[in-house]
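Each chain, written out:
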Amino acid sequence: MKNYYFLNRYLCLCILFVGLFFGCGGDEEPSISDDPDTATSPKPSLTSFSPSKGMVGTEVILTGVDFDTNSDNNEVEFNGTDADVISSTETEIKVLVPSGATDGKITLTTHEKTLTSETDFIVEPTPSTAPVISGFSPESADIGEEVTITGSNFGETVSENLVEINGVKAEVISASKTELKVTVPVGGTTGKIKVTVNDQIGLTEADFEVLQTPTITAISQDRGFVTTKITITGTNFSTELSDIEVRFGGEEGKSAVLFSSTETEIVLFVPDNVGSRNIYISVNGLSVESTETFEVIRPYRHWFFSSSPIEVGAELTINMFDLPSEDIYTVSFIQGDNEVFATVKSFDNNKLVVDIPDDLTTGNHAVRVQALNYVLTTSSINIFKNWKVAGTDGLDIAPGSTNGHHDIAVAEDGTIYYAFREEGNGDKLSVKKFNGTSWELVGSRGISAGGIGNFPTISVFDNVPYLIYNSWQGEADDQRGMKVRKFNGSTWEQVGTNLVTTDLNAREAILIRKKRAPISEFYDYYIGFIDPDNMNRGQLAVSKLGSDNTWTPVGTNPIISNFLNLYAFGFDGDGNLVAGGKSNQIATFAPSASDWTVTTMTNLTTVREGAMVFDSKGDLWYAYTDINSNVVLRKKTGNSWGQVVNANPPRNWLRINLTIEKDVLYLSGTENGSANVNVYSLEDDAWGIVGKEDFRSNVGQPRTVFSQGNPYIMFSAPRNVAVYTLEL
């Protein structure tokens with residue numbers, strides 16, 4: 001029995017050791033992928049190479065995992081000498097032993113990580129009888145063209161010589177000891193020429209360039225009106241429109257507007273160059289011209305719109321001249337790959353009248369007018385959806401309230417709540433909600449006993465609104481401070497019998513909650529706020545509502561001194577409680593921790609105004625204006641703020657707000673100087689305007705929320721507050 005007891009202890013210790021050994025990681029921060037379908041970044045490894053030795057020019061295969069499939073992104077060295085990469089897959093890279101290589105390790109750099117082989121590669125001496133390549137002509141050629149290779153020690157018959165261009169076998173046309181003639185193979189790419197005779201190798205020092213000259217095999221039609229969309233098929237085109245130029249009338253002809261392209265197809269609009277024209281195509285500097293001509297037909301006469309820009313649902317008149325009075329017209333609006341047709345309401349020989357379709361998105365659209373199968377003309381028009389006042393009294397929901405002392409929140413049922421400091425009522429706190437047509441008081445006017453401090457906030461849980469505000473007037477000394485209240489259906493009752501101890505100027509509080517367990521019906525409530533010290537410098541503090549209905553500090557408070565503007569307070573994807581603000585420090589409280597961890601973030605420029613938001617994965621985003629009023633968007637990656645490429649909106653902004661809806665980021669802000677307000681959404685690393693541009697001026701402190709899929713934006717107007725909405 002005793003032995004059995006010690007055996008059990010021994011086994012438990014072994015299991016514990018194995019768990020610690022395999023479960024504990026190093027200090028390295030986990031990487032965060034930009035690809036939402038990839039949990040972690042690639043982790044390449046080099047497991048072997050074959051053969052283990054060979055002369056210059058020998059093909060060596062590197063085997064492993066998570067290699068970059070783009071050969072240009074992989075760098076291989078033989079004991080420090082660069083080698084040419086012939087091909088790459090995720091598990092295999094083919095290279096040639098380079099000239100000047102010596103015995104030593106093979107190193108591979110892929111996905112910005114450098115890997116080194118465990119064993120040395122042995123470079124065998126090149127025999128004196130091996131082929132020697134002294135030159136080749138021409139230095140570049142198209143697939144199928146002839147190339148002459150000069151040198152010595154070649155095979156005298158065609159079959160004795162194996163010639164490869166960057167790893168692709170080329171056909172040998174003729175052979176002698178000093179000259180080989182080959183044709184550039186299909187699939188050949190730019191790289192070294194390799195000649196193998198009797199297993200002995202000769203390799204060029206310079207690369208041979210394989211040209212990718214485009215060809216034209218067909219054109220969808222041989223005549224068409226100006227702006228007709230046609231398709232050209234062929235080879236060696238590009239998927240990037242910026243690589244392609246198409247002209248009607250030869251190299252000096254008129255450029256066509258391109259619609260789309262693949263490697264074998266170009267779709268374009270016929271340019272205004274009336275007559276029989278050859279079509280000239282240039283792809284990355286290599287060109288081809290059609291042997292047959294295309295007849296360009298002039299469209300109908302001048303035309304113009306009744307108005308532009310124009311709102312969705314409005315009536316648009318397209319003024320034209322000399323139109324046939326026949327019911328043969330179609331009008332469509334095109335944005336990217338999306339084409340929406342409008343109903344033609346009326347037509348005569350001078351104009352067409354249509355309604356702007358309700359399902360159009362905002363922005364510039366091409367307008368195409370067709371008669372039967374003929375395109376009469378194509379031009380562009382700016383379509384917008386206009387922001388509208390939310391409710392009949394949306395511009396008068398808080399008269400006399402200014403300076404941005406307000407907040408807005410949305411309940412689960414879509415009800416919008418608005419909390420504000422009413423300067424016309426002794427700076428007392430009031431709350432209104434939007435009933436779909438107008439704004440009505442929630443409880444009585446003037447919830448607080450007296451004037452409140454700066455920045456009241458409102459949150460909604462289970463359709464119950466909660467208020468956080470700093471009570472500093474009309475209260476006994478022992479009753480002043482931060483208060484949390486919730487609406488019980490008739491009155492605002494206090495949450496927590498003990499007040500959050502704070503300075504009279506406490507500000508920027510955020511209330512959140514979290515389930516105590518995944519299947520629990522009970523929640524823990526947390527409040528994060530800025531608690532000034534006696535020098536009125538911001539200090540970050542966090543408290544939790546205990547089971548005894550008392551607010552108690554979480555960890556050591558204050559957490560961070562000299563902490564300005566609390567922008568975010570919530571839980572990240574790992575369940576950590578996180579607080580962030582204008583400071584370059586982030587505070588984190590892990591579920592199993594006893595105190596806060598404060599991290600100083602890097603890659604942060606000077607911040608004027610900012611906003612933060614958590615996405616559905618718990619990742620933290622930060623938008624801020626820099627010293628030049630430019631907006632910068634960053635995402636928290638480890639201990640650094642990583643800048644989102646090409647995601648800076650074209651605005652010189654002063655005040656900004658960041659929110660997220662269905663994992664789409666929305667940025668609202670007011671422009672520096674004019675104080676025009678705008679809302680942008682971020683999709684595919686680019687900002688697009690939401691609704692009409694510059695729809696209101698001379699405003700401040702914007703805040704955007706979503707109710708039932710539609711945005712509502714709140715901002716302060718002169719001596720007032722406004723809420724606007726937009727039906728997406």
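Each value, and the rule that gives it
Residues numbered from 1 in each chain as written. Predicted model: local features only at pLDDT ≥ 70, side-chain atom pairs only at ≥ 80, totals over all residues. Heavy atoms only, no water. Helix = DSSP H or I, 4+ residues; strand = E, 2+ residues; numbered from the N terminus. Buried < 20%, exposed > 50% of the residue type's maximum accessible area, 1.4 Å probe, protein only. Contact = heavy atoms within 4.5 Å. Areas by Shrake-Rupley, 256 points an atom, 1.4 Å probe, with all protein chains shown as cover. Salt bridge = Lys/Arg side-chain N within 4 Å of Asp/Glu carboxyl O. Pairing = 2+ DSSP bridges. Axes fitted to C-alpha atoms, helices over the stretch in contact; angles between N-to-C directions. Polar contact = N/O pair within 3.5 Å; in protein donor to acceptor, adjacent residues only side chain to side chain. Core = buried A, V, L, I, M, F, W, Y, C linked by side-chain atoms within 4.5 Å. Phe/Tyr/Trp six-rings, centres within 6.5 Å; stacked < 30°, edge-to-face > 60°. pLDDT = per-residue confidence, 0-100.

Moving on, we get to the overall build of the protein chain. A count of helices and strands for the protein chain gives one helix and 63 strands. Within the span of the protein chain, comprising 728 residues, buried residues form 47% of the whole. For the protein chain, long-range pairs separated by at least 24 residues make up 49% of all intrachain contacts whose partners lie at least 6 apart in sequence. If you sum the accessible surface of the protein chain, you get close to 35400 Å²; carbon and sulfur atoms cover 47% of it.

All chains considered together, the criterion is met by 20 salt bridges. When the shortest N-O distance is used, the salt bridge between K181 and E146 registers 3.8 Å. Here K181 is found in strand β14 (residues 179-183), whereas its partner E146 is found in strand β11 (residues 146-152), with 35 residues between them in sequence. On the accessibility criterion, K181 (23% relative accessible area) is partly exposed.

Right, let's talk about the sheet that holds strand β20 (residues 229-235) for a bit. Two pairing modes exist for strands in a sheet, parallel and antiparallel, and in both the strands are linked by backbone hydrogen bonds. As summarised here, the arrangement of the four strands in space is β18-β20-β24-β23, forming an open sheet in which the pairing is antiparallel. Only two strands of the sheet have a single neighbouring strand rather than two, namely β18 (215-219) and β23 (257-261). Each strand axis lies, on average, 30° off the axis of its neighbour in the sheet, ignoring direction. With four bridges connecting them, β23 and strand β24 (residues 265-269) associate as antiparallel partners.

This part takes up the pairing of strand β6 (residues 92-96). Across five bridges, strand β3 (residues 59-65) lies against β6 in antiparallel orientation. Among the inter-strand pairings, I61 is bridged to a residue of β6, identified as K94. Inspection of the sheet shows strand β5 (residues 81-88) paired to β6 by four bridges, in the antiparallel sense. Bridge pairing in β6 links D84 to L96. Taken together, β5 and the strand that follows it, β6, pair antiparallel across an intervening segment of three residues.

A few words now on the sheet that holds strand β9 (residues 132-137). Spatially, β9-β11-β14-β13-β12-β15-β16 is the arrangement adopted by the seven strands of the open sheet, whose pairing is antiparallel. In this open sheet, the two edge strands, each paired with only one partner strand, are β9 and β16 (200-203). For this sheet the average axis-to-axis angle between neighbouring strands, irrespective of direction, equals 30°. Inspection of the sheet shows β11 paired to β14 by five bridges, in the antiparallel sense. By the bridge assignment, T148 is partnered in β14 with K181.

Our focus in this paragraph is the side chain of S238. One can find S238 in the loop between β20 and β21 (244-248). Here D243 takes part through its side chain, which lies 2.8 Å from a polar atom of the side chain of S238. Each residue touching S238, except ones within four places of it in the same chain, is listed here: D243, I244, S261, T262, E263 and V283.

This paragraph deals with the environment of F333. Inspection of the secondary structure assignment puts F333 in strand β30 (residues 329-335). Residues F333 and N364 lie 31 residues apart in sequence; the distance between their C-alpha atoms is 9.4 Å.

Considering the arrangement of structural elements, one finds V76 in strand β4 (residues 75-78). By relative accessible area, which is 2% here, V76 ends up buried. In sequence terms V76 and K94 are 18 residues apart; their C-alpha atoms lie 9.8 Å from each other. With residues up to four places along the chain from it excluded, the contact list for V76 reads L62, T81, D82, A83, V85, V95, I106, T107 and L108.

So, on to the pairing of β20. Where burial is concerned, the two faces of β20 differ: the one with I230, I232 and G234 is buried and the one with K229, T231, T233 and T235 is not. In this structure, β18 lies alongside β20, joined through four bridges in antiparallel fashion. Bridge pairing in β20 links I216 to G234. Two strands pair when backbone bridges link them, and β20 and β24 are joined in this way by five bridges, in the antiparallel orientation. Directly across from T233, in β24, lies its bridge partner E265.

For the rest of this paragraph, the subject is the nonpolar core. Within the largest apolar cluster, 19 residues are counted, with the highest numbers of intra-cluster contacts made by L316, I318, V331, F333, I381 and I383. Those elements that provide at least two residues to this core are β29 (315-319), β30, β31 (338-342), β33 (351-355), β34 (363-371) and β35 (374-384). For this core, the leading source of residues is β30, giving three residues. Setting aside residues up to four positions removed in sequence, I383 forms contacts with I310, V312, F333, I356, L360, T361, T362, G363 and H365.

Enumeration over the complete set of coordinates arrives at 23 aromatic pairs. Consider the rings of Y418 and F420, whose centres lie 5.1 Å apart with planes at 15°: the pair is stacked. We classify Y418 as buried; its relative accessible area is 0%. Ring plane angle 55° and centroid distance 4.6 Å describe the contact between Y666 and F706, whose orientation is recorded as tilted. Linking Y666 in strand β58 (residues 664-671) with F706 in strand β61 (residues 700-707), this pair joins segments that are 40 residues apart in sequence.

Here the amide bond leading from S50 into P51 is cis, since omega sits at 0°, within 30 degrees of zero. As for its position among the elements, P51 is in the loop between β1 (45-50) and β2 (53-54). The peptide bond linking S137 to P138 adopts the cis configuration, its omega dihedral lying at -5°. We note that N198 has phi near 55°; this positive angle belongs to a residue other than glycine. Turning to its location among the elements, N198 is positioned in the loop between β15 (193-197) and β16. Given a relative accessible area of 62%, N198 falls into the exposed group. In this model, N698 sits at a positive phi of 60°, which is unusual for a non-glycine residue. If you trace the backbone, N698 turns up in the loop between β60 (686-689) and β61.

Tracing the chain through its elements places T725 in strand β63 (residues 720-725). Judged by its relative accessible area of 16%, T725 falls in the buried class. Here P711 takes part through its backbone oxygen, which lies 2.9 Å from a polar atom of the side chain of T725.

Let's shift gears to the confidence of the model for the protein chain. Scored by pLDDT, the protein chain comes out at a mean of 83, with 85% of its residues at no less than 70. For the stretch residues 1-37, pLDDT sits under 50, and the model shows 14 contacts to residues farther than four places along the chain or on other chains.

Turning to the environment of G414, a few remarks are in order. Mapped onto the secondary structure, G414 falls in the loop between β37 (406-410) and β38 (416-422). Note on G414: relative accessible area 13%, which makes it buried. In this structure, the C-alpha to C-alpha distance between G414 and S707, residues 293 residues apart in sequence, is 4.9 Å. Beyond its immediate sequence surroundings of up to four residues, G414 is in contact with S707 and Q708.

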